[in-house]
Amino acid sequence: MILEMNNIEKNFIGTTHTDMALCDVSLCVDSGEVVSIIGPSGSGKTTLLRCATFLETIDSGSIIYKGETVAQTSGGGTAEYVSKKDMARIRNYFGLVFQNFNLFPHYSILRNVMDAPITVQKREKDEVEEEARKLLDKMGLASKAGAYPCQLSGGQKQRVAIARALAMNPDILFFDEPTSALDPELTGEVLKIIRRLADEKMTMVIVTHEMSFAKAVSNRVIFIDKGCIVEQGDPGELFDNPKQERTRQFLQNYNR
Amino acid sequence: MSFSTMLSTMGAGMLRTMGIFFLTLIGALPLGMLVMFGRKSKNKVLSSIVKAFISIIRGTPLMLQLLVWYFGPYYLFGLSIKGYRYPAILIGFIVNYACYFAEIYRGGIESMDPGQYEAAEVLGYTRSQTFFRIILPQVIKTILPSVTNEVITLVKDTSLAFTLAYQEVFSLAKQISASETSFTPFVVAGVFYFVMNYVVAFVMEKIEKSMAYYN
């Protein structure tokens, strides 16, 4: 098991994000598994991903990566995190691809991919560069190594972001609506890359609105609404024969 | 007084003016960063004190501040201020400009996309790596036009050192004009400030262009 999130509770009391809360959500991901998370806007899909990547702290529940506990509900009922040092180490286990890419605009494409392995993981520059160029080649961006993010299309930027995450050699890769900020005609190139990673048995959790993609690429689909998991299971089963009324409703609205 | 004598006398003043200018920049640019960190500190006491201090510095004339820095030690603590004129001038200028720069830095940092911090955090950059490698280079590019404005203002503000009877180019122009009943020193001073600012604008534009490779 690469990731175990158990009974996650997250509230945004006192903020304007009250609709993005999570109540008693559990998510376990096995090695090589591709899990898609679908659901309406504000249902908590992104919040779940942000909790998994430590960008948000959970109120209660537990997060365990590769058997190492990151956060756990203590006696007082609230979750306690391990030391910053341990969190920094465990961060190496995962990568996150953002909806808005968040590339570093002042770095060239190659440096965007190389900088973190060199700066954070203290790896050899030559070795990292060789790997980064291979990754860019795999993303079909070998010729863009010297370009800057502002010179790229959205689809190209997202592929760089994927390369940047992969350069850290993560065990699991999270995607937060990777195609939502793209022109419809550019989504295909990004989805193709993700599909290829799935073929290579990369462990992935993908928050997406691309239903047919989710159906084709995932081993498991989770439908979240109002911060709770409504239904999860085999993609064919969930899309063609949903058990819950709410799931049916959501998918119907989607296909209209 | 011949024109060449006047020029050489005023030339010494020009050097003193440039001295104030460069030393102020060298002191105020980094000090502004510290002031900004204080202003943005999570420690409420510290950030309130710094905020109040910036407010006082920005809310009162630099001319008055120079007088306070120079005469303050004598009136408040009875200390001798012999030989303290030049340090007082530099303290006055550096502190004043650091506060303005701090607010410019703060504006630049607060305009950064939070996604940049999040991307760096997920990739495992430490807080200082994130600041110096990812945020600061982008902030510098964003704030450069505002900094240019301040630097141009500084060139002209150096003339306020005349308040403490420091013989920079403006004081000398006034003195020579009065003693020689001549208008020429004012023209010379005016040309000097203009040319200096022209050079400043030219250099700043070069720096801006060197950062134009991305947006």
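All values derive from a computational prediction rather than experimental measurement.

Draft legend 1. Summary view of the overall build of chain B. A tally of helices and strands in chain B yields 8 helices and 0 strands. Written out in order from the N terminus, the α and β elements of chain B read α-α-α-α-α-α-α-α. In terms of overall dimensions, chain B has C-alpha extents of about 70 × 50 × 25 Å along its principal axes. Considering chain B as a whole, with its 215 residues, one finds that 46% of them fall into the buried category.

Draft legend 2. A look at the pattern of salt bridges. One pass over the full model with this rule turns up 27 salt bridges over all chains. One salt bridge connects R91(A) with E121(B), and the closest N-O pair in it is separated by 3.6 Å. Of this pair, R91(A) sits in helix 2 (residues 84-91) while E121(B) sits in helix 5 (residues 114-123), on two different chains. In this structure R91(A) comes out as buried when scored by relative accessible area, which is 14%. Across the salt bridge formed by D115(A) and R111(A), the nearest N and O atoms sit 3.6 Å from each other. In this pair, D115(A) and R111(A) both sit in helix 3 (residues 109-119), 4 residues apart, roughly one turn of the helix.

Draft legend 3. Spatial organisation of the confidence of the model for chain B. The predicted model of chain B has a mean per-residue pLDDT of 95, with 100% of residues at 70 or higher. The complex model carries a pTM of 0.88, and its ipTM stands at 0.92.

About the thresholds
- Residues numbered from 1 in each chain as written.
- Chains lettered and ligands numbered in written order.
- Predicted model: local features only at pLDDT ≥ 70, side-chain atom pairs only at ≥ 80, totals over all residues.
- Heavy atoms only, no water.
- Helix = DSSP H or I, 4+ residues; strand = E, 2+ residues; numbered from the N terminus.
- Buried < 20%, exposed > 50% of the residue type's maximum accessible area, 1.4 Å probe, protein only.
- Salt bridge = Lys/Arg side-chain N within 4 Å of Asp/Glu carboxyl O.
- pLDDT = per-residue confidence, 0-100.

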